[in-house]
Amino acid sequence: MTHSATDYLHNQQKIAQMMIQLNQIVLDKPQAVKLALSGILAGGHILLQDLPGMGKTTLAQGLAQLLGLSFSRVQFTNDMLPADILGMSIYDQSKQKFEFRPGPIFTQLLLADEINRSSPKTQSALLEAMEERQVTQDGQTYVLPQPFFVIATQNPLQQAGVYPLPESQLDRFLLCLSLGYPSPTAERELLKGQDRRELLKDLAAMLDTETVILAQQGVKQVYVADVVLDYLQRLVAKTRASQEYHGLSPRGVLSLQRAAQAHSYVSGHMEITPEDIQAVFAAVTDHRLGQRFIPAHVTGGGQAPLTIAQRILAEVPVVV
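**Student:** Looking at this structure, how should I read the packing of helix α11 (residues 250-266) against helix α12 (residues 274-285)?
**Tutor:** Geometrically, a packed helix pair is captured by the angle between its two axes and the distance between the axes. Orientation of α11 relative to α12, taken along the N-to-C sense of each, is 130°, at an axis distance of 9 Å. Comparing their axes, α12 and α11 come out oblique. Seen from above, α11 lies across α12 with right-handed handedness. Of the residues in α12, those touching α11 at Gly252, Ser255, Leu256, Ala259, Ala260, His263 and Ser264 are Asp276, Ile277, Ala279, Val280, Phe281 and Val284. Its residues placed into classes, the contact of α11 with α12 shows eight nonpolar, four polar and one charged.

What follows is the structure in structure tokens.
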């Protein structure tokens, strides 16, 4: 599927309008909205970690509706089994044989709500789907709809009844985002305005499956100059030079480039800049380097310490 200059411009105009709509639903979080949309167009999965009630579910539902994708939501609990997500084979008496009944994962955008409340066995059921875009049950492989995305929400580890996600699963998420508290102005608008869930009902699809796939092709065509790759590789080398944490893997490096290309595309550009890399760097790398999410109320609401990614960005110059 080719992506002509006309398609490119037309899609970018639609995406700019989408962000305006999303920012009217998820108030005061333009950077998180832009990163979430970039993650989807990069073909990646997104992990939203924050306290309950911060708008994570609203953001996921808004994205699904505006992108015109089929949507399923699964509320994860500690007694959930893999078959509750993937589906199961049920014996059909009339046909005298087992038939596979697809689970909620057979959708284009799956919202895995509070994913870390389920057991590691259930969490691992998502791994094949996220990586291979397919599900294997009873020796049979079933292909998932295209495109396929997982947006998972995660509660802080300080809360009761949660299991930490294993590193292998964290690595499947292209971006890890946190919305955080709204500003007083945005909170006042929430208090005086309409319920966000009511506003969601009025959202009309601005793209469709074919256009989303076309936009993903466009992201891959965003130009990356050698001088920008030099900067990216210096950042990666810095992650591997520390004894504090494991460095970024080759998959993580490819994820960083893809996310930066998507951020450039969503910004209306056709070439990556160092600013695109800086914009996505923390969201792509912190969860891969072992950075744990600590909500603002635990840090006293004051100035939180710099994350691993923020320290690396401060230490590595753009131009050598």
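**Student:** What is the right way to read unusual backbone geometry from this model?
**Tutor:** With the exception of glycine, most residues fall at negative phi, and the peptide bonds are largely trans. A cis amide bond, omega -10°, links Gln146 with the succeeding residue Pro147. Tracing the backbone shows Pro147 in the loop between β7 (140-143) and β8 (149-154). Despite not being glycine, Asp28 shows a phi value in the positive range, around 70°. Structurally, the position occupied by Asp28 is in the loop between α1 (5-25) and α2 (30-41). What makes Asp28 partly exposed here is its relative accessible area of 39%. One non-glycine residue with positive phi stands out, namely Gln96, at about 55°. Structurally, Gln96 is set in the loop between β3 (87-92) and β4 (97-102). Residue classification places Gln96 among the exposed residues on the basis of a relative accessible area of 59%.

**Student:** Explain the sheet that holds strand β2 (residues 71-75) here, please?
**Tutor:** Pairing is parallel in the open sheet, where five strands are placed in the order β2-β5-β8-β1-β9. Two strands bound the open sheet, and with one partner strand each, they are β2 and β9 (173-177). Within the sheet, the average angular offset between the axes of one strand and its neighbour, ignoring direction, is 15°. The pairing of β2 with strand β5 (residues 109-113) spans five bridges and is parallel. Counted as the bridge partner of Gln75 is Asp113 from β5. Taken strand by strand, α2 contacts β1 (45-49), β5, β8 and β9, and its axis lies near 170° from that of β9.

**Student:** Any chance you could explain the pairing of β8 here in plain terms?
**Tutor:** Taken residue by residue, a regular strand's side chains alternate between the two faces of the sheet. Among the six residues in β8, six count as buried, and that is most of the element. Neither face of β8 is open: one carries Phe149, Ile151 and Thr153, the other Val150, Ala152 and Gln154, and all of them are buried. Here four bridges tie β1 to β8, and the two strands are oriented parallel to one another. Paired with Ile46 across the strands is Ile151, a residue of β8. Looking at chain direction, β5 and β8 are connected through four bridges and run parallel. The residue bridging Leu110 from the neighbouring strand is Val150, located in β8.

So, how was this worked out
Residues numbered from 1 in each chain as written. Predicted model: local features only at pLDDT ≥ 70, side-chain atom pairs only at ≥ 80, totals over all residues. Heavy atoms only, no water. Axes fitted to C-alpha atoms, helices over the stretch in contact; angles between N-to-C directions. Helix = DSSP H or I, 4+ residues; strand = E, 2+ residues; numbered from the N terminus. Parallel < 35°, antiparallel > 145°, perpendicular 65-115°, else oblique. Left-handed = near helix turned anticlockwise from the far one by under 90°. Contact = heavy atoms within 4.5 Å. Nonpolar A, V, L, I, M, F, W, Y, C, P; charged D, E, K, R; others polar. Buried < 20%, exposed > 50% of the residue type's maximum accessible area, 1.4 Å probe, protein only. Pairing = 2+ DSSP bridges.

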